[in-house]
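Given next are the chains, with one letter for each unit.
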Amino acid sequence: MLKRRLIPKLLLLSQTSGEGRRHTLVTTRGFSPAKVVGSPVSQAKIYEAQLADELAVLRIDPGPISEDLRLLDTIERLATETFMPLTVGGGVVFADDFHLLLSRGADKVAINSAAARNPTLISEAAARFGAQCVVISIDFRTSMGRSEVFIDRGSTPTGMDPVDWAREAVRRGAGEVLLCDIDRDGSGEGLNLDIGAQVADAVDVPVILSGGCGRAEHLVEGFLEAGADAVAAGTYFCLRDQNPLQARSHVANAGVPIRMGT
Amino acid sequence: MCGTIREMRRCTLCNLPETHETIAFDERGVCNVCRQQDMKRDAVNWVAAKRDLDSLIAAHRGKADYDCIVPFSGGKDSTWTLYYLIKEYGLKPLVVRFDHGFLRPNLNDNVQRTLRRLGADFLSFTPNWKVVRRLMLQAFLEKGDFCWHCHTGIFSYPMWVAIEKKVPLIFWGEPSAEYTAYYTYGQAEEVDEKRFNRYVNLGMSADDMHERLGADLDMRDLKPYSYPPAKLLRELGCRSVCLGSFVPWDVKRQSEIIERELGWQGDLVENVPPQYRYEKIECYMQGVRDYIKFIKRGYSRPSHLVAIDIRNGRLDKQQGQTRVEEFEGRRPPSLDLFLEFTGLSEEEFLRIAMSHQVSPYEHRPDLTIEGRPVPDFDRWSREGAMPRPEAEAAIRRWAEQNPGSAPVAS
Amino acid sequence: MATLATIGVIDYAAGNLRSLCNALEAVAASVKLVRTPEDLRECSHAVLPGVGAFGHCVDGLRRSGMVNPLAEWAVHGNRPLLGICVGMQMLADLGEEYGESPGLGWVPGRVSRLPASRSARVPHVGWNDVRFGPPCGPLSGDFYFDHSFRFCPAESAHSLGTATHGIEFCAAVRKGSVLGVQFHPEKSQEAGLRFLRWFVESRELRNC
């Protein structure tokens, strides 16, 4: 049977220092860059050795991804040095960007702000590359009991409800949903199980929940209570004495079907 | 005994709790570490493994300045490994030690005795203490484990020596499958970069640590903690293996032999039952390490040692529990030294350690009892305390970036 | 004494070759990108990748001019060919993505959509266990899948392995020296490398 997945999130941010300009990995809090936690290729190799099920590589620099040559080189290096599935996103604007990223080694491409502004991007990408390559990435905030989708790295409100938008994006051809609660991001307080469950119930494609994991229980809750197919975590693996191998044991001990062997 | 350890799920056989790294329980509630011992006993072809060892050694004997490298601490495991390779095979090893900075006096006596009785060349490397001190604090903040420099140094430094001296064969001691499920006894565990990344480096390479320190450290200072590039090891034809992958590991029997044949002496160790005099004698920060583990996971070395005895039928669960309760979770006297080395107050120490707790354990510091010092406590060096401003700067930077966890420096 | 394996990866602009070449290099002596029949002649094995829509990939392979050379080399020449994901699906007679379109017809069967349900969501994404029949039984284990369509072989004898996602479906096919796998061995870490190593080293495959 199909197992549930644990997906480390690698957030890439360009930095300049005495070492020159390079990509570093950061954790975020409420989507603001909080802490530098390492270098992309090093962390990808580590996660692979720790048997992560796949990696989500999300660029948080502004501007179109197609113009970020350093990022494209980084993706190519990741694909060369690891044997694991890579989902790449952050500044994907055109369907041609899919070709660019897939040819550099990505397996799936996540689209967010561009899709919200221009939903035909979803159907175009799905038609050209297949739904299995298209991940709709949805970030949301909740205020006074109402949830709203935000784009542009959490800065621009859209007036859309995340459940409705997820349903619409899947209708247009997205093969997977990556959902993130902006306020819980980096908080360690746990996933948004309510919205997570609603989205999982609203669509027929796999749903990846993220934003807020701080304890192993939170991963289990995401699977058992929200019905997530996968949980993505950034801060959880970076700033605690934790790793995917420990996490998977904890999840398996709770009765969730997850890949155990090598 | 402190904390909520009674609420944790435990192995029905050895009593290890669910917070033990990689532990998984089967349908009868028996843990994978126990089952790995079954595998070791029943499923590994040790006769074939010994033949593989013979071939491996034959392929390397006499081909370089040394037949092999033996990374060495002077503890029971590396002493046994060295003893076995010299006595059983008559090898000419280069013994290589990475000095983590906390070697105990009795240990140094053991090392000298061992080397004089066996006869081998010995290379010891002590890294820059100011770098070590900084790494200890940073690793404690980042991962709740201050031993990053030690884990990475012990496994990286000998590899650089191998490359430099052109000695491709490296023998380590016990396979990790003895104690955790990062690898199983069914797998060939090479002591390589994958293993280094899987659990040795706590999820941080030297490059990552450099970034986490704000990239203001000379990268050369991190070389002893950096795993060599795969290309260099491939060109060397490196084979880095565990002796325990070829010969079944038996700590009790091995300790008795080295005591008898080499005059190896065990030692009392902070907050560990005295029956285990062979265990972890090489480091005077061991007590702090165990204490932090208890704060995070609700168990530590006594539980681990008792679990081994239970699996081997030397204790039952009730006897084991009694032994654990008498020693586990106490505040070690060496904590005073650790606080000086890292510039932390005890309150800061507790709050940082508790921020790394592994659920479902929740520590109760109010239940902590003071542990007893061991006889050589006063001989442990307290030299090299971190200046408080340096510690404060590290804590402040980490607290700013890590909301809801670390305390702000007072 | 085994001759050194040269694995030809068919480069017909079907997406991600990097990971595939990397994985093959980890298990084989050398890897070569194949764009022309001349390139193919230097190879002992060939791998046919595939990403995207079935029809799009088949058209791409036709346009590259490699269909007949591959048929000659692999099917008539009995040399090991491994189709991966859509590369496996292309081996069929027919595909049903966007209406019916013809495949290569090298392994009889058709490609149809995986039936979806709430408990078996489509696309089928993630790690699932594959049960192989002989001689690949020992290679059984969890592999990484990412697909919405699956191969229904016309003859059960051509099914090399199955997996279950709601229903049991064909995860691997084999007809003579021509193989196909629905999962991504180059993305399946140790299990995937073990499978690729078998593909590269199997004497039985080379003696078909």
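Summary of the structure given here. Just so it is clear, the model here is predicted, and its values are computed rather than measured.

Rules behind the numbers
Residues numbered from 1 in each chain as written. Chains lettered and ligands numbered in written order. Predicted model: local features only at pLDDT ≥ 70, side-chain atom pairs only at ≥ 80, totals over all residues. Heavy atoms only, no water. Pairing = 2+ DSSP bridges. Helix = DSSP H or I, 4+ residues; strand = E, 2+ residues; numbered from the N terminus. Axes fitted to C-alpha atoms, helices over the stretch in contact; angles between N-to-C directions. Parallel < 35°, antiparallel > 145°, perpendicular 65-115°, else oblique. Contact = heavy atoms within 4.5 Å. Salt bridge = Lys/Arg side-chain N within 4 Å of Asp/Glu carboxyl O. Buried < 20%, exposed > 50% of the residue type's maximum accessible area, 1.4 Å probe, protein only. Core = buried A, V, L, I, M, F, W, Y, C linked by side-chain atoms within 4.5 Å. Buried area = accessible area lost by both parts, 1.4 Å probe. 1 Å grid on protein atoms, 1.4 Å probe; cavity = no way out; pocket = protein on both sides within 12 Å on 5 of 7 lines; lining within 4 Å. Points joined across faces, edges and corners; volume = space filled by probe spheres on them. Nonpolar A, V, L, I, M, F, W, Y, C, P; charged D, E, K, R; others polar. Phe/Tyr/Trp six-rings, centres within 6.5 Å; stacked < 30°, edge-to-face > 60°.

**Some thoughts on the sheet that holds strand E6 (residues 101-102) of chain C**
Spatially, the four strands line up as an open sheet ordered E6-E5-E7-E10 (chain C), and their pairing is mixed. Among the strands making up the open sheet, the edge pair consists of E6 and strand E10 (149-153) of chain C.

**Focus on the packing of helix H1 (residues 40-49) of chain A against helix H7 (residues 193-200) of chain B**
Two numbers describe how H1(A) lies on H7(B): the axes approach to 8 Å, and their chain directions differ by 85 degrees. Accordingly, the angle class assigned to the pair H1(A) and H7(B) is roughly perpendicular. Along its contact with H1(A), which presents A:Lys45, A:Ile46 and A:Ala49, the element H7(B) presents B:Glu193, B:Lys194, B:Asn197 and B:Arg198.

**With respect to the pattern of salt bridges**
If you walk through the whole model with that rule in mind, you get 77 salt bridges over all chains. A salt bridge links A:Arg128 to A:Glu124; the shortest N-O distance between them is 3.8 Å. Here A:Arg128 pairs with A:Glu124, and both are found in helix H5 (residues 120-129), just four residues apart, close to one helical turn. Residue classification places A:Arg128 among the partly exposed positions, given a relative accessible area of 34%. When its relative accessible area of 40% is taken as the criterion, A:Glu124 is described as partly exposed. Residue B:Glu392 is joined to B:Arg396 by a salt bridge in which the shortest nitrogen-to-oxygen separation is 3.4 Å. In this pair, B:Glu392 and B:Arg396 both sit in helix H16 (residues 388-401), four residues apart, roughly one turn of the helix. Here B:Arg396 falls in the partly exposed class, since its relative accessible area comes to 38%. A single salt-bridge network, built from bridges that share partners, covers A:Lys3, C:Asp129, C:Arg131, C:Asp142 and C:Glu168.

**What about the nonpolar core?**
Of all hydrophobic cores here, the largest spans 78 residues; its most connected members are A:Ile111, A:Ile122, A:Ile136, A:Trp165 and A:Val177. Setting aside residues up to four positions removed in sequence, A:Ile136 forms contacts with A:Ile111, A:Ala115, A:Ile122, A:Trp165, A:Ala169, A:Ala174, A:Glu176, A:Val177 and A:Leu178. Formed by 71 residues, the second largest nonpolar core is a distinct cluster that contains C:Val9, C:Leu24, C:Cys57 and C:Met66.

**Topic: the side chain of B:Thr22**
In this structure, B:Thr22 sits in the segment before helix H1 (32-42). Discounting residues that sit within four places of it in the chain, B:Thr22 has contacts with A:Leu245, A:Gln246, A:Ser249, B:Asn32, B:Thr180, B:Ala181 and B:Tyr182.

**What about the sheet that holds strand E11 (residues 159-165) of chain C?**
Residue and element names in this part refer to chain C. A sheet is described by the order of its strands in space; here nine strands give the open sequence E2-E1-E3-E4-E13-E12-E11-E8-E9, paired in mixed fashion. Of all strands in the sheet, those with a lone pairing partner are strand E2 (30-34) and strand E9 (141-147), marking the two edges. Along the sheet, successive strands turn relative to each other by an average axial angle of 30 degrees, direction set aside. In this structure, strand E4 (residues 81-84) lies alongside strand E13 (residues 178-181), joined through four bridges in parallel fashion. In the strand pairing of E13, isoleucine 84 is matched with valine 181. Helix-sheet contacts for helix H4 (residues 67-76) involve strand E1 (6-10), strand E3 (45-48), E4 and E13, and the interaxial angle to E3 is about 120 degrees.

**Focus: the environment of C:Leu24**
Residue and element names in this part refer to chain C. As for its position among the elements, leucine 24 is in helix H1 (residues 18-27). Sequence separation between leucine 24 and proline 185 is 161 residues, and the spatial gap between their C-alpha atoms is 9.7 Å. Excluding residues within four positions of it along the chain, leucine 24 makes contact with Ile7, Val9, Val31, Val47 and Leu196.

**Observations concerning the interface of chain A and chain C**
Accessible area lost during the coming together of the parts is what is often quoted as the interface size. Listed as interface residues are 46 residues of chain A and, on the opposing side, 36 residues of chain C. The junction of chain A with chain C conceals about 3,200 Å² of combined surface from both sides, 48% of it contributed by carbon and sulfur atoms. The three residues of chain A that bury the most area against chain C are A:Leu2, A:Phe83 and A:Gln132, which together make up 24% of that side's buried surface. Scanning the region where chain A abuts chain C turns up seven salt bridges. The closest approach of N and O atoms between C:Arg18 and A:Glu76, which form a salt bridge, is 3.0 Å. Those elements that provide at least two residues to the side of chain A that touches chain C are helix H2 (69-81), helix H3 (95-104), H5 and helix H7 (193-202) of chain A.

**Here's the deal with the environment of B:Leu82**
Tracing the sequence through the fold places B:Leu82 in helix H3 (residues 76-89). Leave out the neighbours within four places in its chain, and B:Leu82 touches B:Val70, B:Phe72, B:Pro93, B:Val95, B:Thr114, B:Leu115 and B:Leu118.

**As for empty space enclosed by the protein**
Within this structure, the stated rule accounts for 16 cavities of 30 Å³ or more. Estimates place the volume of the second largest cavity at around 130 Å³. The residue makeup of the lining of the second largest cavity, split by class, is seven nonpolar, five polar and three charged.

**Focus on unusual backbone geometry**
Put simply, B:Ser359 and B:Pro360 share a cis peptide bond, and its omega is 10 degrees. As for its position among the elements, B:Pro360 is in the loop between helix H15 (346-354) and H16. Between C:Val122 and the following residue, C:Pro123, the backbone shows a cis peptide bond with an omega angle of 10 degrees. Within the element layout of this structure, C:Pro123 appears in the loop between strand E7 (109-113) and strand E8 (124-132). One non-glycine residue, B:Asn15, adopts positive backbone phi at about 75 degrees. By secondary structure assignment, the location of B:Asn15 is in the segment before H1. Judged by relative accessible area, which is 16%, B:Asn15 ranks as buried. With phi around 70 degrees, B:Thr22 is a residue other than glycine that occupies positive phi space.

**A look at the packing of aromatic side chains**
With the rule as written, the count across this model stands at 38 aromatic pairs over all chains. Ring centres of B:Phe102 and B:Trp129 lie 5.9 Å apart, and the angle between their planes is 85 degrees; on these two criteria the pair is classed as edge-to-face. Here B:Trp129 lies in helix H5 (residues 129-143) and B:Phe102 lies in the loop between strand E2 (93-98) and helix H4 (105-118), a separation of 27 residues in the sequence. For B:Phe102, a relative accessible area of 2% corresponds to the buried category. Judged by centre distance (5.8 Å) and plane angle (35 degrees), the rings of B:Trp148 and B:Tyr225 are tilted. Linking B:Trp148 in helix H6 (residues 148-165) with B:Tyr225 in the loop between helix H8 (206-212) and helix H9 (230-236), this pair joins segments that are 77 residues apart in sequence. The exposure class assigned to B:Tyr225 is buried, which follows from its relative accessible area of 1%. One aromatic cluster is present, built from ring pairs that chain together C:Phe132, C:Phe143, C:Phe145, C:Phe169, C:Phe183, C:Phe195 and C:Trp198.

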